[in-house]
Each structure stands twice: as C-alpha cells, then as structure tokens.
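Structural features, examined
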Amino acid sequence: MRIAVIGAGAVGLTVADMLAQSDAVAEVHLFDRQTEAAGGATSYAGASDVPHGWTERHRRLIETSMEWHRAVGADLADEDRYRHRTGTFWRSDDERSDARILGFAYDTPVLTTDARTGARGLLGDGYVIAPGRLARILLGRLRASGKFTARFGTAVEGPAGLADGTVLDASGGRDDFDAVVVAAGPWVTELLADLPGLSGLRTKQVYGYRFTGDPRDPLTGTVVDLEHGAFLFPQPTVPDSYAMSIKCDVYDVPVAEGAPSAEADEAAWTVARTHLGPEARLTARRIFVDTYTDGSIPLVADLSGGRRLVCVSGTHGSGIRLAPGLAREACDLLGVA
Ligand SMILES: Cc1cc2nc3c(=O)[nH]c(=O)nc-3n(C[C@H](O)[C@H](O)[C@H](O)COP(=O)(O)OP(=O)(O)OC[C@H]3O[C@@H](n4cnc5c(N)ncnc54)[C@H](O)[C@@H]3O)c2cc1C
C-alpha cells in the first residue's frame, strides 16, 4: 500500500511511524504545510499525565499510548531530570472526583491529599513526553524505515482532491494513494468541510500561559482547578517556571492566533496567585485552537475504487498523550497490522 498522511503533528507523525513499521505498507508520504514536523506541539508544554481516563475507550487509548511511548523511548520518566512521582490534584468539592479517579486508574496509584492545597488527587509514576524530542525520535525511525518521503512545506488542498485518494497540493502537484490519513489538527474542518460524518469533530479554543513564581512549597505535580478550568504544573525543563492551560473552552471556532480573553486572564491570575504566591509573574500567554472528539472513533470515508480515508484527531485536548492509541485505531481501520 501507498499511503498519504496529511499533517506532521504528534498524531500524524505517530500514524506515519506505525504505518512504516507494517509489512503491508510500501510507502508513507507525510505532508505538512510547515517546513518542519511537530505541528502545534513544539510550542506546547509537553504531555505529563498520570494514568487515568474517563471512559473505557479513553483508558484503552492511554494504555496503548504509554506502552508505545515507552517502547520508542519517548517517555522521559526514567531520566534523572524527569524522575519524580507526579500527582494530579483535583480541587473540587465534588465527592465523585475520588471515585472517578480511582475507578479509571489502572496502575498502582495512591489517592492522596495535597498538603499545600488540601485538594484530593492521585500520585503515580510520572509519564512525561517532550513533544520536540518525540518528533525527532519519530523522524529518525521514519527515515530509517526506507519507506518514508517527507513532503514538508507542501500545503494540501481539500476537500475535492481528497475525495478519490488523489492528493492535490497548493503548488499544483498531484499524487494518487491507496489510502489517505488526515491528521490536520484544528485545520481538519477546512480540509474535510463536506465529508459526511465530520460532525463528530469539533474545534475548541484553549488558553496557554507561562508564569514564574516563588511558592513557599513547590508544586508536587499538576493542580487541576475545576472551578477555573485550569491545569497548572511545573515545566520540567525550565526552573521556577510553570505552565498553565485554561480549558474554559469556546467550541467550533476557526483557527486563530492572539491573546486570551479577559475572563481567561482573570482566571489565570487567580489560580497563579493562589499557587505561585503574590509574586507570580506572567511571562507568556497565547490562544490555541485544538481539535476535540467526543468519544468518537477516527472518522472513515470510503473513497472511489475501494480506497479509504481515515481522519484522526486529538481527544479531549490530549493529542500528544493519546496519539499512539489513536494511531493504532487508524491503522486498524485501514487493515494495517
Ligand atoms: C495549551 C495547551 C496545552 C496542551 N497540553 C497537552 C498535554 O499536556 N498533553 C497532551 O497530550 N496534549 C496537550 N495538548 C493538546 C495537544 O497539544 C494537541 O492535541 C496535539 O498537539 C494535536 O496534535 P495533532 O497532530 O492532532 O495536530 P497538530 O499538532 O495541530 O498538527 C496538525 C498539522 O497539520 C498541518 N496541516 C494542517 N492543514 C494542512 C494542509 N492543508 N496541508 C498540509 N498540512 C496541513 C499543520 O501544519 C500541522 O503541522 C495541549 C494543547 C494546548 C493548546
């Protein structure tokens, strides 16, 4: 099989790698309009999560992903710099939080209370991925496979070209494939606007912040502040620096750049001052658009001549962490073991 993968973010790179490892696949062509791989992921904080999930499928995705990230050497938890027990502490008065966390935890985590905040949470072995390093590992594996063609700096035109397995690019190039995998992140709606079934896919705004701070007791893991929709955690690679994402999501928006809303800023400052002390300083803030699938499997369309198109996208804004699980599902749908 000759397969095109559109989008070289965490998800596209992972799918491309899995395809290239299969005997059923002869060629993998990875398209991205940017000149470098990794999509949005290079500018994100990276993935750091304890193993928990909200649904059986989510849990399966996480299990597949952890195993795969460890196998390719992308999980940094064994490196000294990253070695730590990581906690995720849920600030919530909702007693069901405990049950939800324990119910989906599959490892041997400890349910505990954060001494600083009094929040309940889960302490488990860290699972840390640096997106830039992950991209380098995957590109190395792809190049070594002998089946890989990087078509970076090539914008694909959709959706007409994709309908019959032909990939048209903006500079007039045209190529036929046996299958097409679309992993275009939040741009998926532009590419596949008229594809039936696309309704399962949504975009959402997420706000990203960086703070420095001097908390009396350093954070021991991720603080999840449900009231403000905030996730706050130390950046492992930058001393005294903290990353925050605010998930008071705005859905179904086009990709946009710019500054977060005043409401998001206010929430961010409240959370920062609570956890990082009154001297907390804002160093960066950005608005992102991510994709979101609500419990749906990757979307499939049957193209002419028995060809297939699979669209695979992040789930619950955890596209880096869940990429291998999602990629596995995409490969299964293409019948690639
Ligand atoms: C603030 C913030 C914090 C986050 N924290 C985490 C976290 O801790 N853990 C985690 O797992 N996830 C996290 N995420 C989510 C994660 O970063 C994303 O889900 C993930 O990067 C999405 O990867 P992707 O490959 O699906 O898409 P992207 O990385 O967006 O890649 C899509 C690629 O497709 C390319 N493309 C689009 N259209 C075309 C076209 N027409 N032709 C050619 N190429 C095209 C783009 O150039 C891009 O490179 C966070 C997100 C945000 C915003």
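A brief report on the enclosed structure follows. (Residues numbered from 1 in each chain as written. Predicted model: local features only at pLDDT ≥ 70, side-chain atom pairs only at ≥ 80, totals over all residues. Heavy atoms only, no water.)

Looking at the overall build of the chain
A tally of helices and strands in the chain yields 7 helices and 19 strands. A buried classification covers 52% of the 337 residues belonging to the chain. Sequence-distant contacts in the chain: of pairs separated by 6 or more residues, those separated by 24 or more amount to 75%. Accessible area for the chain stands at about 14900 Å²; split by element, carbon and sulfur atoms hold 48% of it. (Helix = DSSP H or I, 4+ residues; strand = E, 2+ residues; numbered from the N terminus. Buried < 20%, exposed > 50% of the residue type's maximum accessible area, 1.4 Å probe, protein only. Contact = heavy atoms within 4.5 Å. Areas by Shrake-Rupley, 256 points an atom, 1.4 Å probe, with all protein chains shown as cover.)

Comments concerning the sheet that holds strand S11 (residues 174–176)
In spatial order, the strands read S9-S10-S11; together these 3 strands make up an open sheet with antiparallel pairing. Among the strands making up the open sheet, the edge pair consists of strand S9 (156–157) and S11. For S9 and strand S10 (residues 166–169), the ladder comprises 2 bridges, and the chain directions are antiparallel. Directly across from Val 156, in S10, lies its bridge partner Asp 169. (Pairing = 2+ DSSP bridges.)

Thoughts on the side chain of Asp 169
Tracing the chain through its elements places Asp 169 in strand S10. Of the side chains bearing the opposite charge, Arg 151 lies closest to the buried Asp 169, which forms no salt bridge; the N-O distance is 5.0 Å. Here Ser 171 takes part through its side chain, which lies 2.6 Å from a polar atom of the side chain of Asp 169. Those residues in contact with Asp 169, other than ones at most four positions away along the chain, are Thr 154, Ala 155, Val 156 and Glu 157. (Lys, Arg positive; Asp, Glu negative; His and termini not counted. Salt bridge = Lys/Arg side-chain N within 4 Å of Asp/Glu carboxyl O. Polar contact = N/O pair within 3.5 Å; in protein donor to acceptor, adjacent residues only side chain to side chain.)

Quick word on unusual backbone geometry
Here the phi dihedral of Asp 252 falls at roughly 55 degrees; this positive angle occurs in a residue that is not glycine. Assignment of secondary structure puts Asp 252 in the loop between strand S16 (241–251) and helix H6 (262–276).

Quick notes on helix H2 (residues 56–72)
Taking 1.5 Å of rise per residue, the 17 residues of H2 would be expected to cover 24 Å, and the 25 Å separating its terminal C-alpha atoms lies within 8% of that figure. All of the buried residues along H2 are Arg 57, His 58, Leu 61, Ile 62, Ser 65, Met 66, Trp 68, His 69 and Val 72. The positive-phi residue at the C-terminal boundary of H2 is Gly 73, with phi of around 85 degrees. (Expected span 1.5 Å × (residues − 1).)

Side note on the nonpolar core
Looking at soluble globular proteins, one finds that nonpolar side chains tend to be buried together. Formed by 45 residues in total, the largest nonpolar core has its most connected members in Leu 13, Leu 19, Leu 30, Val 181, Val 312 and Leu 334. Mapped by element, the contributors of at least two residues to this core are strand S1 (2–6), helix H1 (10–20), strand S2 (27–32), H2, helix H4 (131–145), strand S8 (148–152), strand S12 (179–182) and helix H7 (319–333). If one sorts the elements of this core by residue count, H1 sits on top with 8 residues. Those residues in contact with Val 312 that lie beyond four places of it in its chain are Val 11, Val 15, Val 181, Val 182, Ala 183, Pro 298, Leu 326 and Ala 330. Counting residues in hydrophobic clusters, the runner-up holds 20 residues, among them Ala 4, Val 167, Leu 201 and Leu 309. (Core = buried A, V, L, I, M, F, W, Y, C linked by side-chain atoms within 4.5 Å.)

Observations regarding the pairing of S10
Note: S10 against S11, 3 bridges, orientation antiparallel. The partner of Thr 166 across the bridge, within S11, is Asp 176. Counted along the chain from S10 to the antiparallel partner S11, the turn is 4 residues long, and its residue Gly 172 has a positive phi close to 95 degrees.

Points about the sheet that holds S2
A sheet is described by the order of its strands in space; here 6 strands give the open sequence S8-S2-S1-S12-S19-S18, paired in mixed fashion. Across the chains shown, the open sheet's two edge strands, defined by having one partner strand only, are S8 and strand S18 (299–302). For this sheet, the mean angle separating the axes of adjacent strands, direction not counted, is 15 degrees. Judged from the 5 bridges that link them, S2 and S8 form a sheet pairing that is parallel. Paired with Leu 30 across the two strands is Ala 150, which belongs to S8. Packing of H1 onto the sheet brings it into contact with S1, S2 and S12, and relative to S2 it is tilted by some 170 degrees. Taken strand by strand, H4 contacts S2 and S8, and its axis lies near 130 degrees from that of S8. (Axes fitted to C-alpha atoms, helices over the stretch in contact; angles between N-to-C directions.)

Comments concerning the packing of H1 against H4
Orientation of H1 relative to H4, taken along the N-to-C sense of each, is 30 degrees, at an axis distance of 10 Å. Considering their axes alone, H1 and H4 lie roughly parallel with respect to each other. In the crossing of H1 with H4, the sense of the turn from one axis to the other is left-handed. Here H1 contributes Leu 13, Thr 14, Ala 16, Asp 17 and Ala 20 to the contact with H4, which in turn contributes Ala 135, Leu 138, Leu 139, Arg 141, Leu 142 and Ser 145. Within the contact of H1 with H4, the residues separate by chemical class into 7 nonpolar, 2 polar and 2 charged. (Parallel < 35°, antiparallel > 145°, perpendicular 65-115°, else oblique. Left-handed = near helix turned anticlockwise from the far one by under 90°. Nonpolar A, V, L, I, M, F, W, Y, C, P; charged D, E, K, R; others polar.)

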